[in-house]
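Single-letter residue listing:
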Amino acid sequence: IILVADFNKKFSGRTLIQTDLLERSAGALGKVAQRLFTKGSDLRLVELESQGFEEKYKVLATDPIEARYLVTPKFMEQFLGLNQIFGEGVQASFFDGKMILSLPRTGNFFEADLRSEQLVASIETAAEELLQVLDLIEHFELNLELWKVRQKQGVAA
C-alpha cells in the first residue's frame, strides 16, 4: 500500500527511511559499508538517537539537520509502531512537501470472498484494513496542515 500525504512540517530536501538489512546482518561493518555506498550521492547516512529505530531502519537524507527535524523521537516511536500493525518492511520518504509511506501487504487489498458464509468476515476485514490506513492520517498528524489552511480561509474545522 502506498500512502501519499502532505506533511505537517515544511521541508525542502529529500529524506528516506528504509529497512536496514545490511546493518542488521553485518553489524558495525554494515554501517561502514552504508557510508561507502552513499559516497558520490547527494544522500547521506543520518544517525538518530533512537537505538531501537537505528536497529531496524537507516535514514538517508540530502540534509541531515532537516532529517532530524522530520524524524523526531516521537515520529520514530510511531513509525516503529507501524511494524506491529503492518509487519516488517514499512518504509517512508519525504519529498516535495509530502510524506510517502510504503506499507507491506500480502494478498489483494480489499479483496472480499463473495461466498455467503465468508462475505461478512471479508467485509469486516476490508473495513479494518481501510481504518488502519485512515488511522495513519491521525497517527502522523497529517491532517494538521489541512486544518491550518481551512482555518486561515475561515472554514470551520
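Residues numbered from 1 in each chain as written. Predicted model: local features only at pLDDT ≥ 70, side-chain atom pairs only at ≥ 80, totals over all residues. Heavy atoms only, no water.

> Looking at this model, I keep getting lost on the side chain of Asn83. Mind explaining?
Tracing the chain through its elements places Asn83 in helix α5 (residues 73-86). In this structure Asn83 touches Lys56, Tyr57, Glu88, Gly89 and Val90, once residues within four positions along its chain are discounted. (Helix = DSSP H or I, 4+ residues; strand = E, 2+ residues; numbered from the N terminus. Contact = heavy atoms within 4.5 Å.)

> Teacher, can you tell me more about the environment of Lys10 here?
Relative to the helices and strands, Lys10 resides in the loop between β1 (2-6) and β2 (15-19). The class of Lys10 is exposed, set by a relative accessible area of 64%. (Buried < 20%, exposed > 50% of the residue type's maximum accessible area, 1.4 Å probe, protein only.)

> For this particular structure, what's the right way to read α5?
Side chains that are three or four residues apart share a direction in an α-helix, a result of its 3.6 residues per turn. Along its 14 residues, α5 runs 20 Å from first to last C-alpha, staying within 8% of the 20 Å computed at 1.5 Å per residue. Buried within α5 we find Phe75, Met76, Gln78, Phe79, Gly81, Leu82, Asn83 and Phe86. Note on α5: the residue one or two positions beyond its end, Gly87, has a positive phi of about 85 degrees. (Expected span 1.5 Å × (residues − 1).)

> Sorry, what's going on with a nonpolar patch on the surface here?
There is a patch of nonpolar side chains on the surface, built from Leu130, Leu131, Leu134 and Ile137 and spanning about 330 Å² of accessible area. Counting through the fold element by element, Leu134 comes out in helix α6 (residues 116-139). Of the residues examined, Leu134 reaches a relative accessible area of 43% and is grouped as partly exposed. (Patch = residues over 30% accessible without salt bridge, like charges linked within 9 Å, V, L, I, M, F, W, Y side chains within 5 Å. Areas by Shrake-Rupley, 256 points an atom, 1.4 Å probe, with all protein chains shown as cover. Salt bridge = Lys/Arg side-chain N within 4 Å of Asp/Glu carboxyl O.)

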